[in-house]
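Here is what each chain is made of, one letter per residue.
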Amino acid sequence: MNTRLLVLMLSLSWALPAQSSPLELYGFSPRSIAMSGAQTATSNDYGAAFYNPGALAAQGRPTVGLNFLYSRPELSIDLERNSVDPDLAPLRPDVSSGFGIGFTMPLDELAPFPIALAIAAYAPKGHLARGEVFDPRIPQFLRYQNLGQKFVGLGALSIQPLSWLGIGIGTQVLANTGGQAEVGARLLDQGVEDRSVEMRFALKLAPILGAKIDLPGPFELGVVWRDALDLSFNMPSRLNLDSAISMDLDISGTVLFTPEIITAGFGYNQGPNSPTVA
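Residues numbered from 1 in each chain as written. Predicted model: local features only at pLDDT ≥ 70, side-chain atom pairs only at ≥ 80, totals over all residues. Heavy atoms only, no water.

Chemist: Please give an account of the environment of Gly170 that cites residues and values.
Modeler: By secondary structure assignment, the location of Gly170 is in strand β5 (residues 165-186). Gly170 sits 56 residues away from Arg226 along the chain, and the two C-alpha atoms are 9.2 Å apart. Residue contacts for Gly170: discarding those within four places in its chain leaves Pro53, Gly155, Ala156, Ala206, Pro207 and Ile208. (Helix = DSSP H or I, 4+ residues; strand = E, 2+ residues; numbered from the N terminus. Contact = heavy atoms within 4.5 Å.)

Shown next as structure tokens:
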């Protein structure tokens, strides 16, 4: 038992590769998924909290939405030579699913120009976050392995000071994981004497700034800046063997990373009952 525990703790000390947000991987609202994420200039529901907060005030009406996301990546890896070690066989991405919910609310009574608030969140089914550490020699699809298994919270506020201009600010919310663990093991009978684990979760915010501009005719322009955001864990641990040997382990890493992003998009929309091109 102690050998397996030691191998597990040492493996957790490996740094994980940087990856992107689950909302960027699959999309957020049903409309944004159907439009392949082309929402910077055309978002008109609670998804604007992520894609462009500047588009919220122009909606002029309350919206609410609930969606269920189910993803089953059909990906495989064919090797010219199979590994001798079966534990190094290629990994296929797991099925992932989760719920998205959000609402927008006009607050026009607070100012002489349109104001709107949006709150939204995505929660994977069964847990708020999942991370796995694999041997770097194992072939795998890094982008799809665990990205859909993380909770993301969103909030945004938007104003429309001019009839053709909307600006907004929002934030993404993730939770960093921290804590410490201590395990005492007996080598003679491979038993565990005592163990203690302490977990802490600290919220981490990343701002989002957006603007939506109505161009002449049915054209729209959107510009968004999204700050970098990472989800990390830090759990220094101690392994005591027969009260004679003590090992301190530095278990830390980054399980999700979204770099600083600036996006711009154009949209074509002649009205609520006409097709939208983005």
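Now that the structure has been shown, the text picks up again.
Chemist: Account for the packing of aromatic side chains, with residues named and values stated.
Modeler: Under the counting rule described, the total for this entry stands at 4 aromatic pairs. A ring pair is formed by Phe50 and Tyr51, whose centres lie 5.0 Å apart and whose planes are at 80 degrees; its orientation type is edge-to-face. Neither Phe50 nor Tyr51 differs from the other in exposure class; each is buried. Judged by centre distance (5.0 Å) and plane angle (55 degrees), the rings of Phe68 and Phe99 are tilted. Within this pair, whereas Phe68 is found in strand β1 (residues 63-71), its partner Phe99 is found in strand β2 (residues 96-106), the two being separated by 31 residues in sequence. Overall, Phe99 belongs to the partly exposed group, its relative accessible area being 42%. Stacked on the ring of Phe50, the Lys or Arg Arg226 has its end atom at 4.3 Å from the ring centre. (Phe/Tyr/Trp six-rings, centres within 6.5 Å; stacked < 30°, edge-to-face > 60°. Buried < 20%, exposed > 50% of the residue type's maximum accessible area, 1.4 Å probe, protein only. Lys NZ or Arg CZ within 6 Å of the ring centre and 35° of its normal.)

Chemist: Pulling in residues and values, what's your account of the pairing of strand β12 (residues 261-269)?
Modeler: One ladder, built from 8 bridges, connects strand β7 (residues 219-226) with β12; its direction is antiparallel. Residue pairing in the sheet places Leu221 in a bridge with Phe266 of β12. With 2 bridges connecting them, β12 and strand β13 (residues 276-277) associate as antiparallel partners. Across the sheet, Tyr268 pairs through a bridge with Val277, a residue of β13. (Pairing = 2+ DSSP bridges.)

Chemist: An account of a nonpolar patch on the surface is needed here, citing residue identities and associated values.
Modeler: A contiguous nonpolar patch, built from Leu66, Phe68, Tyr70, Val95, Phe99 and Ile101 and spanning about 620 Å² of accessible area, is present on the exposed surface. Among the secondary structure elements, those contributing two or more residues to the nonpolar patch are β1 and β2. At 3 residues, the largest contribution of residues to the nonpolar patch is made by β1. For Ile101, the position within the fold is in strand β2. (Patch = residues over 30% accessible without salt bridge, like charges linked within 9 Å, V, L, I, M, F, W, Y side chains within 5 Å. Areas by Shrake-Rupley, 256 points an atom, 1.4 Å probe, with all protein chains shown as cover. Salt bridge = Lys/Arg side-chain N within 4 Å of Asp/Glu carboxyl O.)

Chemist: Describe the pattern of salt bridges, and please don't skip the residues or the numbers.
Modeler: Oppositely charged side chains may form a pair once their charged atoms are brought near each other. Tallied over the full model, the rule gives 2 salt bridges. Measuring nitrogen to oxygen at the nearest pair gives 3.2 Å for the salt bridge that ties Glu74 to Arg72. Like Arg72, Glu74 is exposed. A salt bridge links Lys212 to Glu220; the shortest N-O distance between them is 3.2 Å. The burial state of Lys212 is the same as that of Glu220; both residues are buried.

Note that every value here comes from positions in space, so none of it alone points to a role or purpose.
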